[in-house]
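Descriptive structure summary
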Amino acid sequence: MINTIAGSLRDKATALSYALYIEGPLVVGFAIQLLWLFILFFQAPFFLDGYHYLDESRSTLLSLSFLVVFPATCFAIGYYRDRVTKYLRKKSVHFLMGLCGAVGMLGTGSIMLTGGEAPFALALAGAVLTSFACAPSTLLWGEAARRRDQSILAIATILSLLLAFAFILALAYFAEAGTLGIVIVACMCPLFSVVFVYKTQHDNESYFKPQEFVTLPDGTTRAKEGKAWVETFHNLRISKRAFALRLGKSAVPFGIVYGSLLLEGYRSLLWKTPLVNDFPVETLCPLMAVLLFTGLFFWPYRHEDGSYASHQLVPFLLVFVLFSCSQGLFDAGSPNYACVALLALASVVFWLYPAELTMRYRVSSMITFGFFNGFLTLGLLAVFAVNAFLPLEAIPYYLITLARIVLLLLGYLSLVTNDQMREIATLATAQTEETPSPDSPKAHRAPFTQRCHLVADTFLLSQRELEILCLLAKGRNAAYVQKELVISEGTVRTHMRNIYRKLDVHSQQELMDLVDTIDRQPASPTR
């Protein structure tokens, strides 16, 4: 019995070490990416206001550079995804993104290093360059999140936020201590971010599959060096314009709420509180409580499909907005530390929702994260414009709370539904907007695979459901699926129930008949 327990503990320790090896770069790297985004959004007030190197107009222009260049680049990558994705995955392009980001941050920090004597054009060009490099890096992190289960991704995101919070506090200490340290940290963020995102993608074999293998003398196989790796995903064909407009209806209101939380959180945590003399301990309790709640929310989905769960956090975000407004209403003028916790929850929601769409509907992560982050940043731009003419602290807090509630409700009611997604996919078929090229892997698929993909597109199956569908259509049973895909029996049963429900079939034979006849007679997807 002791040997059995020891073996079980050994297996768990091995599994944990492997998970840390795979997910560790995701947690650390995404925290660095969040720090990079924080620096870009608050570069003018965080870096320069304390040293009075810029007047108000130039400071505004510096902040606008990120709020304009970043969403424009996200939109361009999302729309031209077919052309740019193959280049973004190359190691040389990763290195170039990191180099451009570091050089851009150095250009922006030149004003601090020279005591305000460097030309403003250099700082503005640096801000534009690093914002341009930050957009594809952010979308690559979205692609890295694509293959993770929603529960695993949620836990990794929570840990990344905690680590990013620690990084931001450390950065605040650097800002109060001197200029050289903060510029060095800012320049290193882009380099480390692209290194970690490359490692996160290429250490996880579930992202890609090699086209050719070689057999080693010991009988094992490995990918043949120098050969291209092809994507394992079959993306749903959609109308990009219709999908972008549908995402924008929810992302813009969310972005306005997120921008107001960012400004309030910044003022509460960093602006009015000298961290060197008074560490905001009051921030830790609500922050840990909210993140613990988020982790417990996703815990039940660890053994089943959790791709439907993240949008259910939006109502809880609305509840926390009401709960956290008490301090702002009854203790006006004091830092609202609960807002920092609310900001963390909003960050989790607004990162997991596009990941949910990507996994649930098999939409390209470049398209989903590109459009959603682009529109989200436009919401931040709207808040920045309002704050420039009418500072938020001058607006009664009950009006701000009321506006947040209305915008959250508007965004929640505008979330993409199955019927809307089916309509978007139908428009793509009519417009042939994403017709595959003759030399693409999709054009050479076997008829059986084509039929499975057609069923998945018609009935909006997720990527995992598509994998199980292909095995079931071959007559495989649940035990074979469990062994082939290395998932639990409960997970297999859950996916099978979802597949049967979506296809409106009641047995495996009916499923096989549907796949066999899908190319000869039209299917009528269930609502």
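**Digging into the overall build of the chain**
- Tallying secondary structure elements over the chain gives 20 helices and four strands in all.
- At a minimum sequence separation of 6, the contacts of the chain that also span at least 24 residues come to 80%.
- Of the roughly 24,300 Å² of accessible surface on the chain, a fraction of 64% belongs to carbon and sulfur atoms.

**Observations regarding the nonpolar core**
- In this structure, Phe 243, Phe 350 and Met 421 are the most contacted members of the largest nonpolar core, which totals 111 residues.
- If you tally residues by element for this core, the top one is helix α12 (residues 338-361), at 18 residues.
- With near-sequence residues (within four places) excluded, Phe 350 lies in contact with Phe 254, Tyr 258, Leu 317, Phe 372 and Leu 376.
- One finds Val 455, Leu 472, Ala 478 and Val 505 within the second-largest nonpolar core, a separate group that totals 26 residues.

**Concerning the confidence of the model for the chain**
- Across the chain, the average pLDDT comes to 78, with 73% of residues at 70 or higher.
- Confidence, read as mean pLDDT per element, is least for strand β1 (residues 208-210) in the chain (44) and greatest for helix α13 (residues 365-389) (93).
- A low-confidence stretch, residues 205-213 stays under pLDDT 50, and its non-local contacts, those more than four residues away or across chains, total 34 contacts.
- In this model residues 432-436 is a low-confidence stretch, pLDDT under 50, and it forms 13 contacts with partners more than four residues away in sequence or in other chains.

**Thoughts on empty space enclosed by the protein**
- For the structure on display, the rule yields four cavities of 30 Å³ or more.
- Each pocket or cavity is described by its volume, and for the largest cavity that value is around 720 Å³.
- As for the largest cavity, its lining consists of 34 residues, and the residues nearest its centre are Leu 34, Tyr 258, Leu 262, Leu 343 and Ser 347.
- The biggest single contributor to the lining of the largest cavity is α12, with seven residues.
- Across the lining of the largest cavity, the residue classes break down as 28 nonpolar, six polar and no charged.
- Roughly 40 Å³ of volume is contained in the second largest cavity.
- Lining of the second largest cavity is provided by Leu 26, Phe 30, Ala 145, Leu 153, Ala 156, Thr 157, Ser 160 and Trp 351.
- Sorting the residues of the lining of the second largest cavity by element identifies α1 (2-41) and α7 (150-177) as the ones contributing at least two each.
- Broken down by element, the lining of the second largest cavity gets its largest block of residues, four residues, from α7.

**A few points about the packing of helix α3 (residues 56-79) against α13**
- Running from amino to carboxyl end, α3 crosses α13 at an angle of 155 degrees, the nearest separation of the two axes being 7 Å. With respect to their mutual orientation, α3 and α13 come out roughly antiparallel. Between α3 and α13 lies a crossing of left-handed hand. Taken together, the residues of α13 that come into contact with α3 (itself represented by Thr 60, Ser 63, Leu 64, Leu 67, Phe 70, Pro 71, Cys 74, Phe 75, Ile 77, Gly 78 and Tyr 79) are Met 366, Ile 367, Gly 370, Phe 371, Asn 373, Gly 374, Phe 375, Thr 377, Leu 378, Leu 380, Leu 381 and Phe 384.
- For the contact of α3 with α13, the residue count by class is 16 nonpolar, seven polar and no charged.

The rules behind these values
Residues numbered from 1 in each chain as written. Predicted model: local features only at pLDDT ≥ 70, side-chain atom pairs only at ≥ 80, totals over all residues. Heavy atoms only, no water. Helix = DSSP H or I, 4+ residues; strand = E, 2+ residues; numbered from the N terminus. Contact = heavy atoms within 4.5 Å. Areas by Shrake-Rupley, 256 points an atom, 1.4 Å probe, with all protein chains shown as cover. Core = buried A, V, L, I, M, F, W, Y, C linked by side-chain atoms within 4.5 Å. Buried < 20%, exposed > 50% of the residue type's maximum accessible area, 1.4 Å probe, protein only. pLDDT = per-residue confidence, 0-100. 1 Å grid on protein atoms, 1.4 Å probe; cavity = no way out; pocket = protein on both sides within 12 Å on 5 of 7 lines; lining within 4 Å. Points joined across faces, edges and corners; volume = space filled by probe spheres on them. Nonpolar A, V, L, I, M, F, W, Y, C, P; charged D, E, K, R; others polar. Axes fitted to C-alpha atoms, helices over the stretch in contact; angles between N-to-C directions. Parallel < 35°, antiparallel > 145°, perpendicular 65-115°, else oblique. Left-handed = near helix turned anticlockwise from the far one by under 90°.

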